[in-house]
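Overview (structure and organization)
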Amino acid sequence: MRINGVTPISPKDLKPVRGVSGRFTVPTDDGAPSATGALQALTSVDMLLAIASVDDEAERRRQMASHAAAGLDALEALDQAEDDEIRREKAEQLSEWAQGVPEDGHPEITRILRQIELRALIEIAKIERDGD
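A brief look at the structure comes next. Note that this is a predicted model, so its numbers are computed, not measured.

**With respect to the environment of Gln80**
- For Gln80, the location among the structural elements is in helix H1 (residues 44-80).
- Residue Gln80 is classed as exposed on the basis of its relative accessible area of 53%.
- On a C-alpha basis, the gap between Gln80 and Lys90 in space is 9.8 Å, while along the polypeptide they are 10 residues apart.

As structure tokens, then:
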């Protein structure tokens, strides 16, 4: 990912507006205002790190959702296979998919992946049982 045209924020960009106090206050539980610290400038590196951490999480969720969709597609292909040889081939592909299920990530997507994996293992066990 390339970001062009980002300029660092300098302290002169953060100067207070005329007629406004230089500090921001927040009321506390006892009603007295509490002054916050001085404004701090964010560097472009700080901004990029913040953006990257958000993008990494979104990318991880996208990859997990894509993996779940691939598992569902493999289950459907197995269900539609009519020949025993093709069913065994699809079951092998499904088994390989199940071995690649990620262990960590977004909790809700992980739960869905586990349900798909369980269904895949059941279908594989049925084919192995019928093949013996």
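**Some remarks on the nonpolar core**
- The biggest cluster of nonpolar side chains holds 16 residues, and the ones touching the most others in it are Leu94, Trp97 and Leu113.
- Where this core is concerned, the elements lending two or more residues are H1, helix H2 (84-99) and helix H3 (107-131).
- Ignoring any residue separated from it by four or fewer positions in sequence, one finds Leu94 in contact with Gly71, Ala74, Leu75, Leu78, Ala120 and Ile124.

**Describing the pattern of salt bridges**
- Inspection of every chain in the model, using the stated rule, returns six salt bridges.
- Two residues, Arg111 and Glu108, come together in a salt bridge whose shortest N-O distance is 2.5 Å. Taken together, the residues Arg111 and Glu108, both in helix H3 and three residues apart, mark about one turn of the helix.
- Classification of Glu108 as partly exposed rests on a relative accessible area of 38%.
- One salt bridge connects Glu123 with Lys126, and the closest N-O pair in it is separated by 3.5 Å. Of this pair, Glu123 and Lys126 both sit in helix H3, three residues apart, roughly one helical turn.
- Here the residues in one salt-bridge network are Arg119, Glu123 and Lys126, joined through shared partners.

**Observations concerning a negative patch on the surface**
- A grouping of Glu82, Asp83, Asp84, Glu85 and Glu89 is seen on the molecular surface, where their side chains present a negatively charged patch.
- Mapped onto the secondary structure, Asp84 falls in helix H2.

**Re H2**
- End to end, H2 covers 23 Å across 16 residues, agreeing with the expected 22 Å (1.5 Å per residue, within 8%).
- Within the span of H2, buried status applies to Ala91, Leu94, Trp97 and Ala98. Here the buried residues of H2 occupy an arc of 115° about the axis, which is enough to place them on one side. Seen from the open side of H2, the exposed residues pointing more than 90 degrees away from its buried face are Glu85, Glu96 and Gln99.

What counts, and where the lines are drawn
Residues numbered from 1 in each chain as written. Predicted model: local features only at pLDDT ≥ 70, side-chain atom pairs only at ≥ 80, totals over all residues. Heavy atoms only, no water. Helix = DSSP H or I, 4+ residues; strand = E, 2+ residues; numbered from the N terminus. Buried < 20%, exposed > 50% of the residue type's maximum accessible area, 1.4 Å probe, protein only. Core = buried A, V, L, I, M, F, W, Y, C linked by side-chain atoms within 4.5 Å. Contact = heavy atoms within 4.5 Å. Salt bridge = Lys/Arg side-chain N within 4 Å of Asp/Glu carboxyl O. Patch = residues over 30% accessible without salt bridge, like charges linked within 9 Å, V, L, I, M, F, W, Y side chains within 5 Å. Areas by Shrake-Rupley, 256 points an atom, 1.4 Å probe, with all protein chains shown as cover. Lys, Arg positive; Asp, Glu negative; His and termini not counted. Charge placed at Lys NZ, Arg CZ, Asp CG, Glu CD. Expected span 1.5 Å × (residues − 1). Arc of directions from axis to C-beta.

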